[in-house]
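Below, each chain spelled out in residue letters.
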Amino acid sequence: MRCVCAADFCSLSFQRPVAPICGKDCLFDGVNAVNKSNKIFVAGHSGMVGSAVLRRLEAEGFGNIVMRARAQLDLTDESAVAKFFAKEKPDIVVVAAAKVGGIKANNEHPVEFLLENLRIQNNIIHSAHESGVRKLLFLGSSCIYPKFAPQPIPETALLGGPLEPTNEAYAIGKIAGIKLCQAYGREYGANFISAMPTNLYGPNDNFDLETSHVLAALLRKAHEAKLRKDQKLIVWGTGKPRREFLHVDDCASACLLLLEKYDSPEIINIGCGEDISIRELAELICDVVGFNGDLAWDTTKPDGTPRKLLDVTKLRDLGWKPAIPLREGIARTYEWFRVNCV
Ligand code: GDP
């Protein structure tokens, strides 16, 4: 019989206890403790992050999870969201619903990225407060930080300088969400926390070449180039920017830890603490996929921010670490892509 607080973490980095709580420093000793009978609303449960959180909650034995498909509940509809919360009265909310996209989509559609995200998060956060939600986890993004933030980026870098123009609208939307959570905490004592995941990838990622993020796009490009026996694969930008990539299942395990252990209005980063250049990523993906041609660079496409590596000291100090190395995560995602998207 073991308890989490006795540092009995599994190889997946974090696991609920298999025994009753032991007392001192235990994750389950506080008034904010999350338990398996709590009603948890995962907003955005069919997206990459929401579906990973859902898988993790189910695997951990949470049995009272509420979800709504987009056709059932339009999260941009204020009165529909208010009615849903008034009726369901969840205890816990995870805000994984958002309009997301890669550098091209963000750059070309700032209006949609700003408006839709503001609507979704305002509706959820406000209704969560009105209906007495006990804890809410709002998920942001590493792009909320200034373009030239110190690296690795500490949480304190927020609002310390101008944003990267290609995703400024999305970032402003997410910053507004953080500030709204903090405002509900300050004014009404709400326990609404905000976490900032780094670049994520994994099952249910978007593999559309126009709107996806880089890792999913390059997986698809390498796969198709291999099938066509192409000589070269076109990668956007110069290949010099550096990004940090975290498998979404690792992000989900961090989210559960934060639900159970983190009750501060201060934002907290979720990342693996390592970054690679886009060139290195492209080479790794070609290797995993088995594409042996050359890389060609389309420098008419933007590079975006030069580097995005999060400082994850705060999260690590809570006892969390990632479990899925990048190469393995890419291989697993490629397998998922072949089964589900080809
Ligand atoms: P970002 O992290 O917000 O910049 O978003 P992305 O994941 O879309 O892009 C990261 C970096 O990968 C940028 O420097 C892109 O120019 C580069 N990149 C290279 N090839 C591609 C591609 O095919 N799709 C995308 N989305 N980005 C690419």
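Source: prediction; values computed, not measured.

What follows deals with helix 1 (residues 48–59). Relative to the 16 Å expected for 12 residues at 1.5 Å per residue, helix 1 spans 17 Å between its end C-alpha atoms, a close match to the ideal helical length. Counting buried residues in helix 1 gives nine out of 12 residues, a clear majority hidden from the surface. The set of residues buried in helix 1 consists of Met 48, Val 49, Gly 50, Ser 51, Ala 52, Val 53, Leu 54, Arg 56 and Leu 57. Those residues of helix 1 that are buried lie in contact with strand 1 (40–43), strand 2 (65–66), strand 3 (92–95), strand 4 (135–139), strand 6 (199–201) and helix 7 (248–261). Backbone geometry just after helix 1 places Gly 61 at a positive phi near 95 degrees.

With that out of the way, let us pick up the sheet that holds strand 8 (residues 242–243). A sheet is described by the order of its strands in space; here three strands give the open sequence 11-8-13, paired in mixed fashion. Every interior strand has two partners, whereas the edge strands, strand 11 (276–277) and strand 13 (307–308), have only one. In this sheet, strand 11 lies alongside strand 8 in antiparallel orientation, the contact comprising two bridges. Of the residues in strand 11, the one forming a bridge with Arg 242 is Ser 277.

Let us now look at the environment of Val 111. By the element assignment, Val 111 lies in helix 4 (residues 110–130). Here the alpha-carbon distance between Val 111 and Tyr 170, two residues 59 residues apart in the chain, equals 8.9 Å.

Further remarks concern the confidence of the model for the chain. Residue-level pLDDT values for the chain average 92, and 90% of them are 70 or greater. Contacts from residues 1–31, a stretch scored under 50 in pLDDT, to residues over four places away or in other chains number 43 contacts.

With that settled, the discussion passes to the environment of Leu 73. Secondary-structure assignment places Leu 73 in the loop between strand 2 and helix 2 (78–88). On the basis of neighbour count, Leu 73 is assigned to the partly exposed category, with 15 C-beta atoms found within 10 Å. Distance in space between the C-alpha atoms of Leu 73 and Ala 43 is 10.0 Å, their sequence separation being 30 residues. The residues contacting Leu 73, other than those within four sequence positions of it, are Arg 68, Ala 80 and Phe 84.

On to the environment of Lys 104, then. With respect to the helices and strands, the residue Lys 104 is situated in helix 3 (residues 103–108). Here Lys 104 falls in the partly exposed class, since 17 other C-beta atoms lie within 10 Å of it. Here the alpha-carbon distance between Lys 104 and Asp 74, two residues 30 residues apart in the chain, equals 25 Å.

Right, let's get into the pairing of strand 5 (residues 192–197). Counting buried residues along strand 5, six of its six residues qualify, which places the element largely inside the surrounding structure. On strand 5, burial covers both faces: Phe 192, Ser 194 and Met 196 on one face and Ile 193, Ala 195 and Pro 197 on the other are all buried. Since strand 4 and strand 5 lie parallel, the crossover through helix 5 (residues 168–188) that links them has a hand, and here it is right-handed. As judged from the three bridges shared by strand 5 and strand 10 (residues 268–270), these two strands associate in the parallel manner. Note that in strand 10 the partner of Pro 197 across the bridge is Ile 270.

What follows concerns the site of the ligand. Taken together, 21 residues are adjacent to the ligand, and Gly 102, His 213, Val 214, Gly 237 and Gly 304 come closest. Elements with a minimum of two residues in the shell around the ligand: helix 3, helix 6 (214–228) and strand 7 (232–236). Residue contributions to the shell around the ligand peak at three residues, all from helix 6. Broken down by class, the residue content of the shell around the ligand amounts to 10 nonpolar, seven polar and four charged.

Let's shift gears to the sheet that holds strand 3. Overall, parallel pairing links the six strands, which are arranged 2-1-3-4-5-10 in an open sheet. Looking at strand neighbours, the two that pair on one side only are strand 2 and strand 10, the edges of this open sheet. Where strand 1 meets strand 2, two bridges bridge the pair, whose relative direction is parallel. Residue pairing for strand 2: Ile 40 is matched across the bridge by Ile 65.

How each quantity is defined
- All residue numbers refer to positions counted from 1 along the written sequence of the respective chain.
- For a predicted model such as this one, the threshold for reporting local features is a pLDDT of at least 70, and the threshold for listing and counting side-chain atom pairs is 80 or more; totals across whole chains, interfaces and linings nevertheless cover every residue.
- For helices the rule is a DSSP run of H or I covering at least 4 residues; for strands it is a run of E covering at least 2, with both sets numbered from the N terminus onward.
- For a helix, the expected span equals 1.5 Å multiplied by the number of residues minus one.
- Three exposure classes are used. Buried residues have 20 or more other C-beta atoms within 10 Å of their own C-beta, exposed residues have 12 or fewer, and partly exposed residues fall in between, all C-beta atoms being placed from the backbone.
- Contacts here follow a simple rule: the backbone-placed C-beta atoms of the two residues must lie within 7 Å.
- Only strands joined by at least two bridges in the DSSP assignment are considered to pair.
- What pLDDT reports is the predictor's confidence in each residue, on a scale of 0 through 100.
- With the strands pointing away from the viewer, any crossover whose connection runs clockwise from the first strand over the helix to the second is right-handed.
- Any residue whose C-beta atom, as placed from the backbone, lies within 6 Å of a molecule or strand is termed near it.
- When residues are sorted by character, Ala, Val, Leu, Ile, Met, Phe, Trp, Tyr, Cys and Pro go into the nonpolar class, Asp, Glu, Lys and Arg into the charged class, and all the rest, Gly among them, into the polar class.

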